[in-house]
Amino acid sequence: MAKSKSYGGLIFLLLVLGAAGAGGWYYFRAKGDVKPEFQTAKVSRGDITQSVTATGDLQPVVTVDIGAQVSGQIKEVRVDYNSVVKKGDILALIDEATPTQRLKQAEADLESTRANNRLLQINADRTRDLFTKKLVSQQELDNIEAQLAQSAATMLTRNAALENARLDLSRCTITAPIDGMVLDRKTDTGRTVNASMNAPTLFTLVNDLTKMQINAAVAEADIGTISEGQEVKFTVDAFPSRTFAGKVRMVRNAASTSQSVVSYATIIDVSNEDMKLKPGMTANVSIIVTQRPGVVRVANGSLRVRIPQELLPKAASAPAAGKAGEAKGAAATMTDDERMRATMEIMRAVGFERGTPASPEQIEKAKVLAKEKGLDPDLVAARFAMPGGRGKGGGGKAGDRGGGGGPSDRGFNNTIVTRTLYKLTDPSAAEKKIEPLSVKLGISDGFYTEVLDGLSEGDTVITGVTIPGGAAAAAQANSMNNPFGGGSRGPSSMGGSSRGGR
């Protein structure tokens, strides 16, 4: 019995070792056969529209707040919300009892002053006659003439008080100062208004809702591209499937700051013939800066992809052709990070400091160093010329941030950007061959970017790389690239998925 148990244990151990060996052989064989999967896009031709987005609110062109200039109780309200009125139409009436009594009192005071003035006038005439006959002194004549002049001044004061009382009485009738519509009504019959301290607002009138305007807040980073006359497209939440049109009328110079964000009010004229748009609606504005019809364009996903180093081709050793030739051959396979590092080295070499403009000598020296390193001298010089060295040229990538449609992927304000894109030389071949290309890019609409040089229509570019079994590494790389945890959209330079978004 003991001998049978020992044989059973030995057989079980052999089975376990055999299974482990077979599993290990299969695992390492499968790992050695893993091939990356490429997501690609064709370089196509189409239209690109670069725009600046902002938000604002719809407002009437002319808005008039109508208040009361006299105090009293509202006796009658003749209009309501949305009432259409003409200039001079009566909107409301204030109780006229008190102003009427004041008017009567002013009239009585004026009549009393007139009677007194008439008496003084008679006495003055009599005193002059007596003075000519030398029956009264000069002093008596001067006194009576002074009293007459004082009475005349008092009569002018009483007359002004009478006109004041008449004006207050007329102000008890609230009329429309313009043709338009009642947008808001803030009073009712029986309400008492007090205009002694300030003029309370009773109604708000707008002149014409068929013509409206948008007050859009445009960020300071984009305001340099906005000018009068540019076309505008916008949507409102009430009609999400409809696009409205407008035109920039004014860019106000007064800046507003909210939570350290500086913006400028941009006024956009809007036609509202069908009266669908209402005052106060929030408009999602897209101001068209540049339009390019029928240009060669590439999907923005190809600008964000990162190819693992082991998949890139090794730099071929070329025969010595001088220092500049060697640098040019090495730069042909430079990644964006390498280009950026090379540009930073040039900045340090010429003594350039951020925040201060580069001198002409520094720019010329930078061009020479850029040529030696195989970078575009003009683009490097453009980077030095930008404030703080933050230009989007410089032979490197346009900014350090990913994401299509942002400043990092486009030649903002018509600035040419150089990026490294990866092309599949033969997409149908079993063994994929990657060719890094230095491509000059123009404007972007958030989905596509204009290709100025380096690619042709019909070329196949890589927008993403997936290595089977490397999902965990990809997630770790993405989380490191994105400090906000949005790893699914960030590019990955390690194993796993390295997708380029849209």
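What counts and how
Residues numbered from 1 in each chain as written. Predicted model: local features only at pLDDT ≥ 70, side-chain atom pairs only at ≥ 80, totals over all residues. Heavy atoms only, no water. Helix = DSSP H or I, 4+ residues; strand = E, 2+ residues; numbered from the N terminus. Contact = heavy atoms within 4.5 Å. Pairing = 2+ DSSP bridges. Expected span 1.5 Å × (residues − 1). Buried < 20%, exposed > 50% of the residue type's maximum accessible area, 1.4 Å probe, protein only. Salt bridge = Lys/Arg side-chain N within 4 Å of Asp/Glu carboxyl O. Phe/Tyr/Trp six-rings, centres within 6.5 Å; stacked < 30°, edge-to-face > 60°. Lys NZ or Arg CZ within 6 Å of the ring centre and 35° of its normal. pLDDT = per-residue confidence, 0-100. Patch = residues over 30% accessible without salt bridge, like charges linked within 9 Å, V, L, I, M, F, W, Y side chains within 5 Å. Areas by Shrake-Rupley, 256 points an atom, 1.4 Å probe, with all protein chains shown as cover. Axes fitted to C-alpha atoms, helices over the stretch in contact; angles between N-to-C directions. Parallel < 35°, antiparallel > 145°, perpendicular 65-115°, else oblique. Left-handed = near helix turned anticlockwise from the far one by under 90°. Nonpolar A, V, L, I, M, F, W, Y, C, P; charged D, E, K, R; others polar.

## Comments concerning the overall build of the protein
- A tally of helices and strands in the protein yields nine helices and 20 strands.
- Nonlocal contacts in the protein, meaning residues at least 24 apart in sequence, comprise 71% of its contacts between residues at least 6 apart.

## Details of the sheet that holds strand 3 (residues 63-67)
- The antiparallel open sheet is built from four strands, whose spatial order is 3-10-8-5. What marks the edges here is a single partner per strand, and that holds for strand 3 and strand 5 (84-85).
- Two elements, strand 5 and strand 8 (residues 180-185), share two bridges in a ladder whose sense is antiparallel. Counted as the bridge partner of Val85 is Gly180 from strand 8.

## Here we look at helix 3 (residues 138-170)
- With 33 residues, helix 3 should reach 48 Å at 1.5 Å per residue; the first-to-last C-alpha distance of 49 Å fits that figure.
- Turning to helix 3, its buried residues are Leu141, Ile144, Leu148, Ser151, Leu162 and Ala165.

## A few points about the pattern of salt bridges
- Here the structure, examined in full by the defined rule, presents 14 salt bridges.
- In this structure, the salt-bridge partner of Glu76 is Arg78, at a minimum N-O distance of 3.2 Å.
- The salt bridge partner of Asp125 is Arg128, with a shortest N-O separation of 2.8 Å. Linking Asp125 with Arg128, this pair stays in helix 2 (residues 97-132), spanning three residues, or about one helical turn.
- Accessibility expressed as a relative area gives 30% for Arg128, which makes it partly exposed.
- Connected via shared salt-bridge partners are Asp80, Arg185 and Asp188.

## Topic: the environment of Ser137
- Structurally, Ser137 can be placed in the loop between helix 2 and helix 3.
- On the basis of relative accessibility, which here comes to 36%, the residue Ser137 falls in the partly exposed class.
- For the pair Ser137 and Thr127, spaced ten residues apart in sequence, the C-alpha to C-alpha distance is 9.3 Å.

## Notes on the environment of Arg339
- Along the chain, Arg339 falls in helix 6 (residues 336-350).
- Residue Arg339 is classed as buried on the basis of its relative accessible area of 5%.

## Brief notes about the sheet that holds strand 6 (residues 90-94)
- Read across the sheet, four strands follow the order 7-6-4-9 without closing on themselves; strand pairing throughout is antiparallel. Edge strands, defined here as strands with exactly one partner in the open sheet, are strand 7 (173-175) and strand 9 (192-193).

## Describing the environment of Thr157
- Summarising the element assignment, Thr157 is placed in helix 3.
- Sequence-wise, Thr157 and Thr113 are 44 residues apart; in three dimensions their C-alpha atoms are separated by 9.6 Å.

## Considerations on the packing of aromatic side chains
- Applying the stated criterion to the full structure yields two aromatic pairs.
- An angle of 70 degrees between the planes, with centres 6.3 Å apart, marks the rings of Phe239 and Phe244 as edge-to-face.
- An aromatic cluster is built from Phe234, Phe239 and Phe244, whose rings are joined through pairwise contacts.
- Lying over the aromatic face of Tyr448, Arg297 brings its terminal NZ or CZ to 4.1 Å of the ring centre.

## Here we look at the confidence of the model for the protein
- Summarising the model, the protein shows a mean pLDDT of 78, and 75% of its residues fall at 70 or more.
- Long-range and interchain partners of residues 316-329, a stretch whose pLDDT sits below 50, account for six contacts in this model, where long-range means more than four residues apart.
- Scored below 50 in pLDDT, residues 471-502 shows 59 contacts in the model against residues more than four places distant or in partner chains.

## Comments concerning a nonpolar patch on the surface
- On the surface, a cluster of nonpolar side chains totalling about 310 Å² of accessible area is made up of Leu13, Leu14 and Leu17.
- Relative to the assigned elements, Leu14 resides in helix 1 (residues 2-32).
- With a relative accessible area of 53%, Leu14 lands in the exposed category.

## Looking at the packing of helix 2 against helix 3
- Packing of helix 2 against helix 3 leaves a shortest axis separation of 8 Å and a crossing angle of 160 degrees. As summarised for this structure, helix 2 and helix 3 are arranged roughly antiparallel, according to the angle between their axes. The two elements helix 2 and helix 3 meet at a crossing, and its hand is left-handed.
- Among the residues making up the contact of helix 2 with helix 3, the classes are represented as 16 nonpolar, twelve polar and ten charged.

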